[in-house]
Amino acid sequence: MDELGFNKLFAGVLLAGLVLMAGVKFADVLVPHTELVENAYAIKVPETTAVAGAAPVEMGPEPILALLADANPSAGEKLAKKCTACHVFAADGANKVGPVLWGVVNAAKGAVDGFSYSSALAGFGGVWDYQSLNAFLAKPKAYMSGTKMNFAGLKKPQDRANMIAYLRQQADTAAALPTAEEIAAESES
Ligand code: HEC
C-alpha cells in the first residue's frame, strides 16, 4: 500500500472513531446518566401489619332479592332473546345447545332429561334459587368454572332481576317470591 492509501485508511479509521465518540456523546445527551433521587415508580408498601387474609375477596354480584318484587318479566322476555340461540323456553321444548328452560327456578341444577351437561354443572349440586341464578347469569364462568355455557353474562342487576322474573314465569307454577325476611337477610350478608 502506498503512502496515500495508508493515509486514507488512517483517516477513515480516525473518522470512524470520531463518529463513534460523537454517537456515544449524543446518546448521553438523549439519555442522561443521572442517578435517580427517587424511584421513577413509587412502590408504596402499606404500613399495616394485617397481611394474610387481607387480600380483597372478589365480591359476588349485587343482591337480587329486593329487586325481584318489582322486576319486569316482559323486559326479561326481551332480554331472553340473548338466550334463545341456545335455549328454548317452553314446557314441551327441546334441548338445543343448552337445556330447555322450564321451571328452572328452584329446580335441581343440571337436571333436565336428555341434556348432556358439563361435568362442572353436573357435579355442582344444589338448586337454582334466586341467588345462584343471579350469580350464574351475572358471569356464568366466574360462578361455575368449567361450565360450557358460553355467555358473557348480564352485567346490570336490574336486567338480571327482569330475566329471573321471566324465568320464574316459565314454569307450571311460579316459585314464591322472596319474603321480607329473606330480602333483609340477603342485604345483611
Ligand atoms: C351460547 C349458548 C348459550 C347462551 C347464549 C345461553 N346459554 Fe344458558 N346454557 C348453555 C349451556 C351449554 C348450558 C349447560 C352448561 C353446562 O352444562 O355447563 C346452559 C345452562 C343454563 C342454565 C342451567 C340449566 C340447568 O338445567 O341446570 C341456566 C339457568 C341457563 N343456562 C340460563 C340462561 C339464560 C337465562 C340465558 C340468557 C340470558 C342463557 N342461559 C344463555 C348455553 C347457553
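Residues numbered from 1 in each chain as written. Predicted model: local features only at pLDDT ≥ 70, side-chain atom pairs only at ≥ 80, totals over all residues. Heavy atoms only, no water.

Draft legend 1. Quick peek at the pattern of salt bridges. Taken as a whole, this structure holds one salt bridge when the rule is applied. Ionic pairing is found between R160 and E62, a salt bridge with its closest N-O pair at 2.8 Å. Remark: E62 occurs in the loop between α1 (3–30) and α2 (65–68) and R160 occurs in helix α7 (residues 157–169); sequence separation between them is 98 residues. Residue classification places E62 among the partly exposed positions, given a relative accessible area of 39%. (Salt bridge = Lys/Arg side-chain N within 4 Å of Asp/Glu carboxyl O. Helix = DSSP H or I, 4+ residues; strand = E, 2+ residues; numbered from the N terminus. Buried < 20%, exposed > 50% of the residue type's maximum accessible area, 1.4 Å probe, protein only.)

Draft legend 2. Examining the coordination of the iron atom of the ligand more closely. Donor atoms from the polypeptide that coordinate the iron atom of the ligand comprise H87 (NE2) and M149 (SD), at 2.0 to 2.1 Å from the metal. What the six donor atoms of the iron atom of the ligand show is an angle range of 86 to 179 degrees at the metal, which sorts the shape as octahedral. Note that H87 is positioned in the loop between α3 (73–79) and α4 (119–122) and M149 in the loop between α6 (140–143) and α7, a separation of 62 residues in sequence. (Donors = N, O, S within 2.8 Å, 3.2 Å for Na, K, Ca; no water. Tetrahedral: all angles 85-135°; square planar, octahedral: opposite > 155°, others 65-115°.)

Draft legend 3. Spotlight on the packing of aromatic side chains. Tallied over the entire structure, the rule returns six aromatic pairs. An angle of 50 degrees between the planes, with centres 5.1 Å apart, marks the rings of F124 and Y143 as tilted. With F124 in the loop between α4 and α5 (130–138) and Y143 in helix α6, this residue pair connects regions lying 19 residues apart in the sequence. On the basis of relative accessible area, Y143 is assigned to the partly exposed category, the value being 24%. Three or more aromatic residues joined by ring pairs make a cluster, and in this case those are F124, W128, F136 and Y143. (Phe/Tyr/Trp six-rings, centres within 6.5 Å; stacked < 30°, edge-to-face > 60°.)

Draft legend 4. Representation of the layout of surface pockets. In this structure, the largest pocket encloses a volume near 650 Å³. Lining the largest pocket are 35 residues; nearest its centre among them are H87, P99, L101, F136 and M149. Of all elements in the fold, only α5 and α7 reach the threshold of two or more residues within the lining of the largest pocket. Element by element, the count of residues in the lining of the largest pocket is highest for α5, at three residues. Here the lining of the largest pocket is built from residues that sort into 26 nonpolar, seven polar and two charged. (1 Å grid on protein atoms, 1.4 Å probe; cavity = no way out; pocket = protein on both sides within 12 Å on 5 of 7 lines; lining within 4 Å. Points joined across faces, edges and corners; volume = space filled by probe spheres on them. Nonpolar A, V, L, I, M, F, W, Y, C, P; charged D, E, K, R; others polar.)

Draft legend 5. Just unusual backbone geometry, in detail. Despite not being glycine, N106 shows a phi value in the positive range, around 70 degrees. Here N106 is to be found in the loop between α3 and α4.

Draft legend 6. The environment of K109, seen in detail. Residue placement: K109 occurs in the loop between α3 and α4. A sequence separation of 16 residues divides K109 from G125, and the C-alpha atoms of the two residues are 6.1 Å apart. If we skip the residues at most four places from it in the chain, K109 touches L121, F124, G125, G126, V127, W128, S132 and Y143. A distance of 3.3 Å separates the side chain of K109 from the backbone oxygen of V127, its partner in a polar contact. (Contact = heavy atoms within 4.5 Å. Polar contact = N/O pair within 3.5 Å; in protein donor to acceptor, adjacent residues only side chain to side chain.)

Draft legend 7. Inspection of the site of the ligand at higher detail. The ligand sits among 26 residues. The nearest are C83, C86, H87, S118 and M149. Within the contact set of the ligand, an oxygen atom lies 2.8 Å away from a backbone nitrogen or oxygen of G110. At 2.5 Å, a side-chain N or O of Y117 approaches an oxygen atom of the ligand. Structurally, the ligand is housed in the largest pocket. Counting residues per element, the shell around the ligand draws most heavily on α5, at three residues. Its residues assigned to classes, the shell around the ligand comprises 17 nonpolar, six polar and three charged. (Near = heavy atom within 4 Å. Sits in = over half its atoms within 2 Å of the grid points.)

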